[in-house]
Structures are given as structure tokens and as C-alpha cells.
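So the chains spell out like this:
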Amino acid sequence: MASDSNMAATSKFALPVNSEDNTDVLSIIYRFFKKVSIVGAVYLVGYMHWSVAWLIGPVILSVMRDQWRRENEYRRSLAKAAAVSSEKDIVLARLDDLPAWVFFPDVERAEWLNRILLQVWPNVNHYARSLLKDTIEPAVAESLANYKLNGFKFERMILGTIAPRVGGVKVYDKNLSRNEIIMDIDLFYAGDCDISFVLQRIRGGIKDLQIHGMVRVVMKPLITKMPLVGGLQIFFLNNPSIDFNLVGAADILDMPGFSDILRRCIVEQVSRIMVLPNKLPIKLSDEIPTVDLRMPEPEGVLRIHLVQAQNLMKKDVSMLGKGKSDPYAIITVGAQQWKTKHIDNDVNPRWNFWCEAIISSRKSQVLQCELWDWDPGMGIQNDDYLGRCSLDISQVVRAGRLDTWQTLQQAKHGKVELRLSWHRLSTDITDLSHAITETQLIKTGELSSAVLSVYIDSCKNLPNARSQARPDPYLTVTVGKKTENTAVQMRTDDPVYEIGYSFLVQNPEIDMLEIKALDQKTGSTLGQLNFAIRALLKQKDLCMLTQPITLQKSGPESKIILALQLKILKEAIKEDDIEPEQVVDPVEKPEPVPPSPPQPSVQPPAPPSTPPPTPAVTDSTDASQPPLLINAELKNLEEKLQDNASEKSIPVEHIERAVDVPQEQASSERDSPKLVHRTSSITTSAGEAGLGRILLSLRYSMQHQTLYIVVHKIMNIPLKDPTNVPDPYVKLYLLPGRSKDSKRKTVVVKDNCMPEYDEQFDWVIPHAELHSRQVEVTVATHKGFLGGSPIIGQVIVYLNQYDFREAKTMWFDLMPEMPGV
């Protein structure tokens, strides 16, 4: 038997060798007919005397499509290579990206967990196929119908043999009920799936499916009988990253715009199912009421005020060259999303946009703000990307209120101003008047004073919509302007829904809860319920337990069984109860340092429109927020630098120290270092060439294959003429190449020899190419075009000289310009 299995294994690896010959023959035939079709198309255009645009248009689209596909295939191949490598390599490669709470003390434990996942993958594979067929397929078909794309249906669903990988796990042991277990899993899947579908009679397939996100598993309630856990709640904390490649006849859709529609629909449906505030509940014991698993449990409300943005990139092109942009913003918190209006021809837009997000988990959830340049189109996504920023909600929770400028990532320059406030929830009716007054003072007319949680169990004895035929009922649940639709239950007058929703309520004394039961086939109303929310104000704890309520405009015995819970927003205040796991010992302040001699600089007051130079920084565990060093990390860095004499540009005595770090911004020893406010530099040297010194932070994210560089400040720029103080700025190029796409640039600081920037830039670089790249950092001035070169000094950062397992903050001496680099 052993020899047979070995022979079978050998034969499996021999099959691709034979298939390559067939593939070569088919590829030759394909290329032949492709060339014939091209020649035929050219001949036809000339024969029919058509416009040359009929020939040039498809060629341009084909070139754009090929370029876009090459970039996507390259990115997917990198992720797939990571997925099939060994567990040890994966975990070691991502140690610097893992959040501080990862409990793996060694690599062997990570290998053990991934092997368990590989063992149970066939069973999970079967469940995932059922989820795709029963839930995702009808929802995606309905979404695609809005784009006039009908008939979507999965035909074959094989998720392959490559199981998802776990990058990190945390089991919470503080600040949770004794009746539950909470676990966070950093999940990454890049497998060998084989999924085929039909869309408008066109057969296509999905290959190279990739999913990455933070999954939370809540086990509750704990019971005394087997299986010891009453049920599970599984959900993504934030929208997962989903990517795939279209194959088959649908390959013609695999280009920007068309494939984005399918991808957007799939992401939306996944969000509706299992991205907060939506959860995927799994009942494990019949003794546990379903309401315990499916009733929404919001922790609070995040009030968001998007004020303005500054110095955005110019994307529009006019006859006179580069014009401005027409920016708009998309704000995302979990599955909740809002879009602002676009502002024409303005790189410093001011929106004053308000929205509110229901937060079900203040830990690890992230607010993301994406900026786009609006371009007119015919329903196809052709807007240009202006950058994004992410903010950890836990930072707002600790501060109560936060007014922050965030530097845009994946952009050459730009900042956005956000004003945020955190509102806890209360069942004390005396808090209602204050909550309503606060919303009236803001005068937007859209803000809420309470949150209503609705759990709908089932309906009983619904009337028939047609003679001698049971209805196909579904429910619409409406509060204010928000409406939710349940799934359709086929051919039943006693439908069971077991679903929960949360709604923002502007004024509980006025607003109504409206529920309608509708028949899918006829569209007729089977019954409705108009419930005055003010009735809950008279209930104990503002709660109505699960009970039947008679439906209006329905049969005499038609009822709906539901439960309601009202909670009132409380005023945003600073939290004092910091979790012990987030608190570290206070950092000792550095000893007093003798004041440095005065430096030749002129610093006039900044204009009112200039944003604060130091943006607030998130406490997010998301690797897309590149961390910088604080005191706890600086001590370790100093010890390492003392043993590294080769790095002459990083004298230990010149590393800045962070002081006066608020306790709520402190992090654990394993937490990623953060950008905090710094005191004036103690550096007195002007560098080896006497041109000044620049302070940079460098970090590389293995998870996102991204290099991050933060330009902090420049010190001791020489002042040759007191009447001509420089206006310094910093520009960066990724070498080799010095292409326009790799260029990054800071703002200009007027009349200053010691400017501060604290601006962050990033480049997507595969890890395999990292050590063959350099970053050219040039300090220039807007003055001096007639009196000499505007270049003040330059630094070439050779990336192969640094170990990027942790963030690096260091001083570099500015040198004369090096031509030909």
C-alpha cells in the first residue's frame, strides 16, 4: 500500500509535464488566430473606410487592460507564494507586522495552529461552499442586477487544498464577561480555488482568490453541558481585503471598471454577512435562546466630522497642463460607509460632513477615510485615487474627543482634518434630554440621540397573497431614513428570520419603527407594524423582551415576534479606566540638557490655514499605520547603535527623546512604536558637510509589502545671507528609475532653517526587491533660482544596509548634490 501511494504521488507530479505539450500546441494555435484576427481587423477598417478611431480605440483599451492585469497578477503571485511557503517562514517574516497582543512565544506554536487549520480545512471547505451557494450567490445576483447584469449563478465551487494561514492570535482575558471567550485571529487566504459561474449566459471562473482580514470569534454563553459553549459569533472587525482573477469567457470583463463591479458586489455581500456590525452566528446548543446570539450589542457611537483636506494631489489635466482635482471622500467603519459630495477644482476642499457609526467593538476597529478625484463617466469607476488615512477607534474612545490632521498614505502629499467624538450608551432616561440638546446645537438635522436594537424572531399566520398558495414573505424594517431587508422565506405563512439590526434614532419621543411583511412574487403587503419608540421609555432598562405583537392590515391571528432595546447616547468624555494590558510604566524624562546655542533661523507665525505640524497618530494594530519610535523603543535602539559603528550617520547622542507622552497613548513593550510629540532637538551639529541634518524614520511592512518613510525635521540649515532665509522642502525618489510615480514631496516651510514636517510617505515594494533599492532624499528651497542652485543638500538611503524587523529613526547628514545617481 505504501508503494502504491508513492507511485500515485509520483504520477501526480508527472501530469503537468505532459500537459505542457498540449498547452504549447494550444498557445501556438491561439497566437495564430490572434494575429489573423488583428490583420483582418486592419483590413476591414480600410475596406469599409471607417474612422481610424475604430482601430485605435480597441488597441488602447487592450494595452491598458494588459498593463492592469500584469500588475494584479504580480501582486497575487506574491501573496500566493507566501501562502504555500512554510509556516515558520510566514510567521518569522511577519513578526514586525503582528499586533502586540500576539501570544505566540515561539514559532512552533504558530506551526501547530496552522497544521490544525490544514487538518480541518476539508470540512470548512464544505461549509464555505454551502455559504457561497445559499447566501452569497442570491445576494450577488441581486446586486449585479442593478448594473443590468442578470443570471449570475455559481456552477462549481472548489476552494482547493491550500488552507488559510493564521498570522497571529489573541485570547482576551481582561474586561470581558465570565460567560464568554473572545479570540482575534489574523487570517490570510491565498489558495488554489476553482470557482465557475454563469453571468448573462457567459461562463467564467474565479482563480487566485485572496482574502485577508482580522476575524473575531466570540464563544458565548458558556454552559455546563457538552459542547460547553452555547454558540459562536464569527465576524471581521473591518472590511477584509478581497482580490481574485477572472478566467474563461468572463476574462473579457477582467479590466478596470467591469471587473470592479463584480468585486464590489462580492465585498458588499461579505460585509453584510460578517463585517461589524454584522455577525455570523452559529448555534451549538438548543438550550440557548437564539436572541442571545443574534441580538445586536453596540458598545457606542462614533460621531465623525470630516472638516477639510489640504494640499491634495492634482489629477485633472487641462489644455494648460496639470489642473486641480474634484475631491470627494469615502468614510468606512466596518460594513458602514458614507460618501461626501465632490468639490470642483479645489485641492484644499472643505466638506463639513457629518456622519455617525455604530460601534460593536471599540477594540481593533478602524475608521478609514479614502479620497478620490471625481471624473465623469458612464457608470464605470474611473476616478483617480488621492490617498487614504486610517485611525484606530480605541484612540478616540480614550480621548473622548479628538481633533486630528492625518497625513494621507499612498499619496505624494496631502492631509485631512477629522473631528471625532465617542459616545457611550446608557439606559438611564435622564440622559435623553442632554443627548437631544447636543444634537440640536450642532444643527445638522441628521445626528442621533439614541440607538435602537431590533431582534426579529419570526412571523405567525401570515395571510396568503394568492389564492390557494402560500406566500414568499420577507420583511422591511425602517427607522428614519434607514431600511433593512430580511431574506425571503419561500412558501410559508410562518417564516422564521432570527435576525437583528441596529438603528440610529434622532428623537425617541417622535421616531417610529416600521415593519412591513411583503410577498416577493406579488409585491403585496401581508401585514405591517408601526411601533412608537417612545413606548420603550416607560419600560425597565428601556427594553422589551421577546414577545408576539399583532400585525396591522393582516389576518386576524397574524403576529410578529420580536425584541427591542433602546440605549441613549451619553456625552463624550475622556476615559480614565485604561486597560492594564495597554499601560506601561511611565517613561522617565530625560535629564536636563544645557541649552543649545542659538541657530540662525527665522520663524514667523504660521498662517491660519496651515494645519498643525504634528498630526495625531492612531493606536491601531493595522500594519498599514507605520509605527515610529517612542521612549521605550529608543532605549533599545541606542543600545543597538552603540554596537554598530559602521552607521556613522546615526550618532547615539543625537537621537531625539520623546517626553510628556500622555498615559492613554502609552503602549506595551511589544506594541508598535508610535509617532508622538517631540521636544526641540538637542542636535547641535550641522553635519559632515555643514549643510544640516535630517531626521527620518524608516519601516518596512512584510504584510503589505510597503516601505514607509517619515520626514520629521531638518536642523541647522546654513544661513549664508540673513536677508534671504530659505523656504525648505523635501522631495524623495525611489531609485533606480527616478520616475514621476515614485516622487514624493513635503510641504514648503517658509523662512526657516529648522523646519518640521512629520509627513509620512510610502512605496509598495516586493520584499525580494527591497535590498536593491535606494531612496534619494533631497532638501531644496523655493528661493535662489536666480542666485544659485535651489538644492541645499542630499542623502541617498541604501535600503540594503538596514534590518527592517523594527522601525528605525535616525539622523542623516546632508551632503552636496550627487549628479548621476
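Just so it is clear, the model here is predicted, and its values are computed rather than measured. (Residues numbered from 1 in each chain as written. Predicted model: local features only at pLDDT ≥ 70, side-chain atom pairs only at ≥ 80, totals over all residues. Heavy atoms only, no water.)

Peer 1: Is there a simple way to think about the overall build of the chain in this case?
Peer 2: Of regular secondary structure, the chain possesses ten helices and 34 strands. A total of 821 residues make up the chain; the buried ones form 49% of that total. Sequence-distant contacts, at least 24 apart, represent 69% of the contacts inside the chain between residues at least 6 apart. As presented, the chain carries roughly 41600 Å² of accessible surface, and 55% of it is formed by carbon and sulfur atoms. (Helix = DSSP H or I, 4+ residues; strand = E, 2+ residues; numbered from the N terminus. Buried < 20%, exposed > 50% of the residue type's maximum accessible area, 1.4 Å probe, protein only. Contact = heavy atoms within 4.5 Å. Areas by Shrake-Rupley, 256 points an atom, 1.4 Å probe, with all protein chains shown as cover.)

Peer 1: Which parts of the structure should I look at to understand the sheet that holds strand β15 (residues 366–373)?
Peer 2: Two pairing modes exist for strands in a sheet, parallel and antiparallel, and in both the strands are linked by backbone hydrogen bonds. Taken in spatial order, the four strands of this open sheet run β13-β12-β15-β16, and their pairing is antiparallel. Two strands lie at the open edges of the sheet, namely β13 (336–339) and β16 (384–392), each paired on one side alone. Taking the axes of each pair of neighbouring strands and ignoring which way they run, one obtains an average angle of 15° across the sheet. One ladder, built from four bridges, connects strand β12 (residues 327–333) with β13; its direction is antiparallel. Along β13, the bridge assignment pairs Ile-331 with Trp-338. (Pairing = 2+ DSSP bridges. Axes fitted to C-alpha atoms, helices over the stretch in contact; angles between N-to-C directions.)

Peer 1: Looking at this structure, how should I read the environment of Leu-402?
Peer 2: Mapped onto the secondary structure, Leu-402 falls in strand β17 (residues 401–407). Accessibility expressed as a relative area gives 14% for Leu-402, which makes it buried. Taking the C-alpha atoms as reference, Leu-402 lies 8.9 Å from Trp-422; in sequence the two are 20 residues apart.

Peer 1: Is there a simple way to think about a nonpolar patch on the surface in this case?
Peer 2: A surface patch of nonpolar side chains, about 410 Å² in accessible area, is lined by Ile-29, Phe-32, Phe-33 and Val-36. Turning to its location among the elements, Phe-32 is positioned in helix α1 (residues 2–47). (Patch = residues over 30% accessible without salt bridge, like charges linked within 9 Å, V, L, I, M, F, W, Y side chains within 5 Å. Salt bridge = Lys/Arg side-chain N within 4 Å of Asp/Glu carboxyl O.)

Peer 1: Explanation requested: the sheet that holds strand β33 (residues 791–798) in the structure shown.
Peer 2: Strand order in this open sheet of four strands is β30-β29-β32-β33, and the pairing throughout is antiparallel. Here the strands that pair on one side only, and so sit at the sheet edges, are β30 (744–745) and β33. In this structure, strand β29 (residues 728–735) lies alongside strand β32 (residues 774–781), joined through eight bridges in antiparallel fashion. If you follow Leu-735 over to β32, its bridge partner there is Gln-774.

Peer 1: Explain the packing of aromatic side chains to me, please; I cannot follow it from the model alone.
Peer 2: Ring pairs (aromatic) are described by centroid distance and by the angle formed between their planes. Taken as a whole and assessed by the stated rule, the structure comprises four aromatic pairs. Seen from their ring centres, Phe-152 and Phe-197 are 5.5 Å apart, and the 35° between their planes marks the pair as tilted. Separated by 45 residues along the polypeptide, Phe-152 in the loop between α4 (107–145) and β1 (153–158) and Phe-197 in strand β4 (residues 194–199) bring together distant segments of the chain. You'll find Phe-152 and Phe-197 in the same group, each marked buried. Seen in terms of ring centroids, Tyr-501 and Phe-503 are 6.3 Å apart; in terms of plane orientation they differ by 55°. Their pairing is tilted. In terms of burial, Tyr-501 and Phe-503 fall into one category: buried. Three or more aromatic residues joined by ring pairs make a cluster, and in this case those are Phe-152, Phe-154 and Phe-197. The ring centre of Tyr-328 lies 4.7 Å from the NZ or CZ of Lys-339, which sits over that ring. Positioned above the aromatic ring of Tyr-729 is the side chain of Lys-745, whose terminal nitrogen or guanidinium carbon lies 4.8 Å from the ring centre. (Phe/Tyr/Trp six-rings, centres within 6.5 Å; stacked < 30°, edge-to-face > 60°. Lys NZ or Arg CZ within 6 Å of the ring centre and 35° of its normal.)

Peer 1: Would you take a moment to explain the confidence of the model for the chain for this structure?
Peer 2: A low pLDDT score tells you not to read the predicted coordinates there in detail. Overall, the predicted model of the chain reaches an average pLDDT of 75, with 70% of residues at or above 70. The low-confidence segment residues 1–23, where pLDDT is below 50, has zero contacts with residues more than four positions distant or belonging to other chains. Across residues 577–680, confidence stays below pLDDT 50; counting only partners more than four residues off in sequence or on other chains, it has 193 contacts. (pLDDT = per-residue confidence, 0-100.)

Peer 1: Can you walk me through the side chain of Ser-421 in this structure?
Peer 2: Locating Ser-421 in the fold gives a position in strand β18 (residues 415–426). A distance of 3.1 Å separates polar atoms of two side chains, one belonging to Ser-421 and the other to His-423. Contacts of Ser-421, omitting those with residues within four sequence positions, involve Val-301, Leu-302, Arg-303, Val-396, Gly-400, Arg-401 and Ala-572. (Polar contact = N/O pair within 3.5 Å; in protein donor to acceptor, adjacent residues only side chain to side chain.)

Peer 1: Got a minute to help me understand helix α8 (residues 432–442) in this structure?
Peer 2: Since the α-helix advances by 3.6 residues per turn, residues separated by three or four positions end up pointing in the same direction. Among the residues of α8, those classed as buried are Leu-432, Ala-435, Ile-436, Glu-438 and Thr-439. Within α8, the buried residues cover an arc of 155° as seen down the axis, which keeps them to one side. Away from its buried face by more than 90 degrees, α8 exposes Gln-440 and Leu-441. Tucked into the core, α8 has its buried residues touching β9 (300–310), β17, β18 and β26 (559–569). Lys-443 sits one or two residues past α8 and shows a positive phi near 60°. (Arc of directions from axis to C-beta.)

Peer 1: What is the right way to read the pattern of salt bridges from this model?
Peer 2: Two side chains with opposite charge may pair up if their charged atoms get near one another. One pass over the structure, following the stated rule, counts 18 salt bridges. Note that Glu-155 and Arg-203 form a salt bridge whose closest N and O atoms lie 2.3 Å from each other. Here Glu-155, found in strand β1, pairs with Arg-203, found in strand β5 (residues 202–219); they are 48 residues apart in sequence, far enough to count as distant. Judged by relative accessible area, Glu-155 falls into the partly exposed class, the value being 43%. Among the ionic contacts, a cluster of salt bridges with common partners joins Arg-303, Glu-356, Arg-401 and Glu-438.

Peer 1: Where do I start with the environment of Ile-273 in this structure?
Peer 2: One can find Ile-273 in helix α5 (residues 258–274). Exposure remark for Ile-273: the relative accessible area of 15% places this residue in the buried category. Taking the C-alpha atoms as reference points, Ile-273 and Phe-235, 38 residues apart in sequence, are found 8.2 Å from one another. Residues contacting Ile-273, with those up to four places away along its chain left out, are Thr-135, Ile-136, Asn-278, Lys-279 and Leu-280.

Peer 1: How do you make sense of unusual backbone geometry when you look at a structure like this?
Peer 2: Leaving glycine aside, a negative phi is the common case for residues, and trans is the common case for peptide bonds. Geometrically, the link from Lys-220 to Pro-221 is a cis peptide bond, its omega value of -15° lying close to zero. Of note in the backbone geometry, Asn-716 takes a positive phi value of approximately 65° without being a glycine. Structurally, Asn-716 can be placed in the loop between β28 (706–715) and β29.

Peer 1: So what exactly am I meant to see when it comes to the side chain of Glu-137 here?
Peer 2: The topology assignment puts Glu-137 in helix α4. A polar contact is formed between the side chain of Glu-137 and the backbone nitrogen of Phe-154, at a distance of 2.9 Å. Excluding residues within four positions of it along the chain, Glu-137 makes contact with Leu-132, Phe-152, Lys-153 and Phe-154.

Peer 1: Where do I start with the state of the cysteines in this structure?
Peer 2: Each disulfide consists of one covalent bond between the sulfur atoms belonging to two cysteines. Considering all chains together, one arrives at zero disulfides under this definition. Distance from the sulfur of Cys-389, which forms no disulfide, to the nearest cysteine sulfur (Cys-369) is 4.8 Å. (Disulfide = S-S within 2.5 Å.)

Peer 1: I would appreciate a short explanation of the pairing of strand β34 (residues 808–813) in the present structure.
Peer 2: Each regular strand shows side chains that alternate between the opposite faces of the sheet. The buried count for β34 comes to six of six residues, which makes it a mostly enclosed element. Side chains Lys-808, Met-810 and Phe-812 of β34 all project onto a buried face; the interleaved residues Thr-809, Trp-811 and Asp-813 project onto the opposite face, where all are buried too.

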